[in-house]
Amino acid sequence: MTIEQIRDLINDLKNHPELKEHRLHRIYYYDALPFLGKNKKPLSAEITDFSKTDTVERQEQLLASVKKEPFFAVRLGELSFEGWQIKPKLLKTSASQITVTSDDMRPKISQKGVDMRIGMDMAALVLKHIAQILVLVTGDSDFVPAMKFARREGSAVYMVPLGHPIKEIVKEHCDLIFEDIMPKKLIPDTCKER
């Protein structure tokens, strides 16, 4: 996403008929700083320096922009390098044998600590009676316990899945799903069920 898409998304949410009459408390933006390590690529002598990628530059620029936006609070987890994996498209073949080269490998990098921060912030907002409506921009089923907690404490939970398919259990534990809200130029065909 770009900062312009994020701004458009926020404006669409603030102007949605279900939210228009409510006051915005704050937008909590969860992400992680880019991974900057170096690792040897399997099947090759090549060292990959992740700090030199276009992704790092774009991510750093986006986070710098988001931090300057009014009513935003940025919460950062961290990225963890967990090794290398074969690109999934190579494994989709029906051949009985495949040849794997270093170009067929991609890094496996996981985000750590973000889900916990989201759950803690949701609990704090609800228990301190700061927000009566929580709007989650995700389709991730990892947040079901936090959603259930928020609803048990009297808050409403709305979800914006951004075109991602969402599991039935997520639908069961939120009050409204805004399937019509989508940042401009965001193409959802790479979305997977979580």
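Residues numbered from 1 in each chain as written. Predicted model: local features only at pLDDT ≥ 70, side-chain atom pairs only at ≥ 80, totals over all residues. Heavy atoms only, no water.

## Topic: the pairing of strand 7 (residues 156-159)
Looking along a regular strand, one sees side chains alternate from face to face of the sheet. Here strand 7 shows no split at all, with Ala156 and Tyr158 on one side and Val157 and Met159 on the other all buried. When strand 6 (residues 133-136) meets strand 7, the two strands line up parallel, connected through 4 bridges. Looking at the pairing, isoleucine 133 lines up with alanine 156 of strand 7. For the handedness criterion, the β-α-β arrangement of strand 6, helix 5 (residues 144-152) and strand 7 is classed as right-handed. (Buried < 20%, exposed > 50% of the residue type's maximum accessible area, 1.4 Å probe, protein only. Helix = DSSP H or I, 4+ residues; strand = E, 2+ residues; numbered from the N terminus. Pairing = 2+ DSSP bridges. Right-handed = clockwise from strand over helix to strand, strands pointing away.)

## What about the environment of glycine 163?
Residue position: glycine 163 is located in the loop between strand 7 and helix 6 (168-172). The spatial distance from the C-alpha of glycine 163 to the C-alpha of leucine 36 is 30 Å, given a sequence separation of 127 residues.

## Comments concerning the confidence of the model for the protein chain
Close inspection of predicted coordinates is inappropriate for parts of the model with low pLDDT. On average, the protein chain scores 89 in pLDDT, and the residues at 70 or more come to 94%. Across residues 187-194, confidence stays below pLDDT 50; counting only partners more than four residues off in sequence or on other chains, it has 17 contacts. (pLDDT = per-residue confidence, 0-100. Contact = heavy atoms within 4.5 Å.)

## Describing the environment of lysine 67
Within the fold, lysine 67 resides in helix 2 (residues 54-68). Along the sequence, lysine 67 and asparagine 39 sit 28 residues apart, while their C-alpha atoms lie 30 Å from each other. If we skip the residues at most four places from it in the chain, lysine 67 touches Val74 and Leu76.

## Details of the packing of aromatic side chains
In the structure shown here, the tally under the stated rule is 7 aromatic pairs. Their ring planes at 15 degrees and their centres at 5.8 Å tell us that phenylalanine 35 and phenylalanine 81 sit as a pair that is stacked. Within this pair, whereas phenylalanine 35 is found in the loop between strand 1 (27-32) and strand 2 (38-40), its partner phenylalanine 81 is found in strand 4 (residues 72-86), the two being separated by 46 residues in sequence. Look at phenylalanine 35 and you get buried, because its relative accessible area is 17%. Look at phenylalanine 81 and tryptophan 84: their rings are 5.8 Å apart centre to centre, the planes differ by 75 degrees, and that puts the pair in the edge-to-face class. Grouped by ring-pair contacts, the aromatic residues Phe35, Phe50, Phe81 and Trp84 constitute a single cluster. (Phe/Tyr/Trp six-rings, centres within 6.5 Å; stacked < 30°, edge-to-face > 60°.)

## Brief notes about the pattern of salt bridges
Between side chains of opposite charge, a pair can form when the charged atoms approach closely. In total, this model carries 5 salt bridges according to the counting rule given. Linking lysine 171 and glutamate 168 is a salt bridge whose minimum nitrogen-to-oxygen distance equals 3.4 Å. One end of the pair is lysine 171 and the other is glutamate 168, both in helix 6 and 3 residues apart, which spans about a single turn. (Salt bridge = Lys/Arg side-chain N within 4 Å of Asp/Glu carboxyl O.)

## Some details on the sheet that holds strand 5 (residues 105-112)
With mixed pairing, the 3 strands of this open sheet are ordered in space as 1-4-5. Where the open sheet ends on each side, the last strands, each with one partner, are strand 1 and strand 5. On average, each strand axis in the sheet is inclined to that of its neighbour by 30 degrees, with strand direction left out of account. Bridge count for strand 1 against strand 4 is 6 bridges, and the pairing is parallel. Each bridged residue has a counterpart across the sheet, and for isoleucine 27 the counterpart in strand 4 is phenylalanine 72. Contacts from helix 2 reach strand 1 and strand 4, with the element oriented near 160 degrees to strand 1. (Axes fitted to C-alpha atoms, helices over the stretch in contact; angles between N-to-C directions.)

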